[in-house]
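# Coordinate inspection notes
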Amino acid sequence: MARKSKTTTDDERQRGIAPGIVTKTKKRLVVVSGGSHPELADAIAHQLGIEVAPTERRTFASGEIYTRFETSMRGCDVFVVQTFGQPVNEWIMEMLIMLDALKRASAKRITVVAPYYPYSRQDKKGRGREPISARLVTDLIATAGADRIMSVDLHAAQIQGFFDGPVDHLFAKPILARYFEESLQGEDRETLTVVSPDMGRVRVADTWADEFGAPLAIIHKRRDPKVANQVTVHDIVGEVEGRTCLLVDDMIDTGGTIVKAAQALKANGARKVIVAATHPIFSNPAAERLQDAAIDEVVVTDTVPLSPEQRFDKLTVLSAAPLLARAIREVFDDGSVTSMFDGAA
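This report concerns the structure included in the present document. (Residues numbered from 1 in each chain as written. Predicted model: local features only at pLDDT ≥ 70, side-chain atom pairs only at ≥ 80, totals over all residues. Heavy atoms only, no water.)

### Observations concerning empty space enclosed by the protein
Using the following cut-off: Note on definitions: the grid is 1 Å and covers protein atoms alone; a cavity is a set of points where a 1.4 Å probe fits but cannot get out; a pocket is an open set with protein on both sides within 12 Å along at least five of seven lines; lining residues have an atom within 4 Å of a point. Grid points are joined across faces, edges and corners, and a volume is the space filled by probe spheres set on the points. Just so you know the grouping, Ala, Val, Leu, Ile, Met, Phe, Trp, Tyr, Cys and Pro go in nonpolar, Asp, Glu, Lys and Arg go in charged, and all remaining residues, Gly too, go in polar.
Taken as a whole, this structure holds 1 cavity of 30 Å³ or more when the rule is applied. The computed volume of the largest cavity comes to approximately 50 Å³. Lining the largest cavity we find Tyr-117, Thr-138, Ile-149, Ser-151, Leu-154, Ile-159, Gln-160, Phe-163 and Val-167. Tallied by class, residues from the lining of the largest cavity come to 6 nonpolar, 3 polar and no charged.

Printed below as a string of C-alpha cells:
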C-alpha cells in the first residue's frame with residue numbers, strides 16, 4: 001500500500017485532522033427481519049426503496065432456533081426488525097441469535113427496531129421480590145451485540161434509560177391523528193372529548209387534546225395487584241354526556257380496561273366511543289370483547305401482527321412502516337429523529 005506523502009500529512013495536521021488513510025468504502029443500509037412480522041419489515045424496506053436481506057431461519061426438532069444471513073454483513077449498518085406478539089419469548093430468543101450472528105459477521109452498527117417493546121409493563125417493582133424484566137431485556141439486547149434500539153410508544157418512557165446506548169423513542173400519534181383529522185367530521189369533531197383510560201396515560205391524552213383543541217376527560221380506575229387483567233372502573237373526571245369520546249392508549253392486551261372504560265362512558269351519556277391505540281396485542285378474548293356495543297370503532301397500527309381471527313368489522317389498522325422507515329433513514333444519514341416530532345422525541 002502506497003504511503004501518504006509527508007506534505008499531505010503536514011497539511012492535515014495544520015487543519016486539525018488526524019493523520020490517517022481515507023478509504024473508498026461507503027455506508028450500506030441493510031434491513032433484516034425476524035420471523036415475528038415479516039410483512040412490516042417488507043413494508044419498511046419498500047418505503048426505503050430496498051429489499052429485506054435474505055435470511056436462513058430454521059427451528060430444530062428440539063426447539064432450538066438457527067439463523068444465518070445469506071449475504072455479507074461486513075461493515076453494514078444493519079436494522080433488525082422484530083416485534084413481539086405471541087409467542088413473545090420465542091421472538092426474543094430469535095432476535096438475540098440474529099444479533100449474535102450479525103456481531104460475528106462484522107456488521108458495523110446494529111440497530112434493533114422493536115415497534116412493540118417486550119416486557120415493557122414490567123418496568124419497576126410494584127411489590128417485593130418482583131423482577132424488572134424490561135431492564136433484563138435491554139441487558140440481553142446489549143450483550144447480544146446491539147448498538148441502538150428503536151421502538152414506538154414505549155409503555156414507560158424510563159425504559160430509554162435502561163439501555164446504555166441511543167434509544168429512539170418514536171410516537172404513533174402523527175399516524176393516528178392524521179386518520180382522525182380526516183374521519184372525524186361535523187358533529188363528531190364539534191363534540192369531541194379526548195379520554196385517558198387511567199391516570200398513567202393523562203400526559204399522552206393531554207397532547208391529543210391539544211392536537212384537536214378538545215377537552216380532556218379522565219377515567220379513574222383501580223386494579224387488583226394480585227389479579228392480572230382485572231380492572232374496576234370508578235369515576236369519570238370531565239364532561240362526556242352527549243360527546244364523541246376518543247379513548248387513547250398505548251396498547252390493548254385482553255381489552256378489559258378499554259371495554260369497561262367504554263361502557264362507563266356510554267353509561268354516563270357519551271354518544272359515541274372511538275378507541276385509538278398503538279399496539280394491538282389482542283390476547284384472547286380481546287377480539288371478542290372489543291366488539292362490545294359500547295365501542296363504535298377501534299383504530300390501531302400494525303406494530304404487532306394480527307391474525308384473521310383477531311380482526312373484526314369495527315377494526316381499522318394503519319401502517320407504521322412510513323414512520324419507521326423515515327426514522328431508520330434519519331439514523332442512517334446521521335439526521336435528526338427528534339425533528340420528526342417537533343422536538344418532542
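### Concerning the pattern of salt bridges
Under the convention used in this document: Whenever a carboxyl oxygen of Asp or Glu lies within 4 Å of a side-chain nitrogen of Lys or Arg, that contact is scored as a salt bridge. Numbering of helices and strands runs from the N terminus, with a helix taken as a DSSP run of H or I at least four residues long and a strand as a DSSP run of E at least two residues long. Residue burial is assigned from relative accessible area. The probe radius is 1.4 Å, only protein chains are included, and a residue is buried under 20% of its type maximum, exposed over 50%, and partly exposed in between.
Evaluated as defined, the whole model comprises 19 salt bridges. Asp-123 is paired through a salt bridge with Lys-124; the nearest N and O atoms lie 3.8 Å apart. For the salt bridge of Asp-139 with Arg-135, the shortest nitrogen-to-oxygen distance reads 2.9 Å. Of this pair, Asp-139 and Arg-135 are both found in helix H4 (residues 133–144), 4 residues apart, which corresponds to roughly one turn of the helix. Residue Asp-139 is classed as partly exposed on the basis of its relative accessible area, which comes to 32%. For Arg-135, a relative accessible area of 35% corresponds to the partly exposed category.

### Some words on the nonpolar core
Definition in use: Here, nonpolar core refers to any group of buried Ala, Val, Leu, Ile, Met, Phe, Trp, Tyr and Cys residues whose side-chain atoms link them within 4.5 Å. Here, two residues are considered to be in contact whenever any of their heavy atoms come within 4.5 Å of each other.
Of all hydrophobic cores here, the largest spans 44 residues; its most connected members are Ile-44, Leu-170, Phe-180, Trp-208, Leu-246 and Leu-324. Tallying contributions element by element places helix H10 (residues 321–332) first for this core, with 8 residues. Other than its neighbours up to four places away in sequence, Phe-180 contacts Trp-208, Phe-212, Leu-246, Ile-274, Ala-276 and Val-299. Among the nonpolar cores identified, the runner-up in size contains 37 residues, and Ala-53, Tyr-117, Ala-144 and Ala-156 belong to it.

### Focus: the sheet that holds strand E4 (residues 77–81)
Within a beta sheet, neighbouring strands are joined by backbone hydrogen bonds and run either parallel or antiparallel to one another. Put simply, the test is: Here, a strand pair is defined by DSSP locating no fewer than two bridges between the strands. For helices, the fitted axis covers only the stretch in contact; all axes are lines through C-alpha atoms, and the angles between them, taken along N-to-C directions, range from 0 to 180 degrees.
Read from one edge to the other, the open sheet built from 5 strands follows the order E1-E4-E5-E6-E7, with strand pairing classed as parallel. Pairing within the sheet leaves two strands with one partner each, and these edge strands are strand E1 (29–33) and strand E7 (167–170). Between one strand axis and the next, the sheet turns by 20° as a mean value, whatever way the strands run. Here E4 runs beside strand E5 (residues 109–114); their pairing, made up of 5 bridges, is parallel. Residue pairing for E5: Val-78 is matched across the bridge by Ile-110. Sitting on the sheet, helix H2 (residues 38–48) is in contact with E1 and E4, with an inclination near 165° to E1.

### Section: unusual backbone geometry
Pro-87 follows Gln-86 through a cis peptide bond whose omega is -5°. Along the polypeptide, Pro-87 turns up in the loop between E4 and helix H3 (88–104). Its identity as a non-glycine residue notwithstanding, Asp-334 has a phi of 55°, on the positive side. You can see Asp-334 is positioned in the segment after H10.

### Details of the layout of surface pockets
Space left empty within the atom packing is revealed by a probe, the size of a water molecule, rolled over the atoms. Here the second largest pocket is characterised by a volume of approximately 570 Å³. Along the wall of the second largest pocket there are 26 residues; nearest its centre are Asp-153, Phe-171, Lys-173, Val-204 and Thr-207. Secondary structure elements with two or more residues in the lining of the second largest pocket: helix H5 (173–183), helix H7 (202–212), strand E11 (244–252) and strand E12 (272–280). With 4 residues, the top contributor of residues to the lining of the second largest pocket is H7. Per-class residue counts for the lining of the second largest pocket are 14 nonpolar, 5 polar and 7 charged.

### Focus on H3
Put simply, the test is: The span expected for a helix works out to 1.5 Å for each residue beyond the first.
For H3, with 17 residues, the first-to-last C-alpha span of 25 Å sits near the 24 Å given by 1.5 Å per residue. Residues of H3 that are buried make contact with E1, strand E2 (55–59), strand E3 (65–69), E4, E5 and H4. Once H3 finishes, Ser-106 follows within two positions and takes phi at roughly 70°, a positive value.

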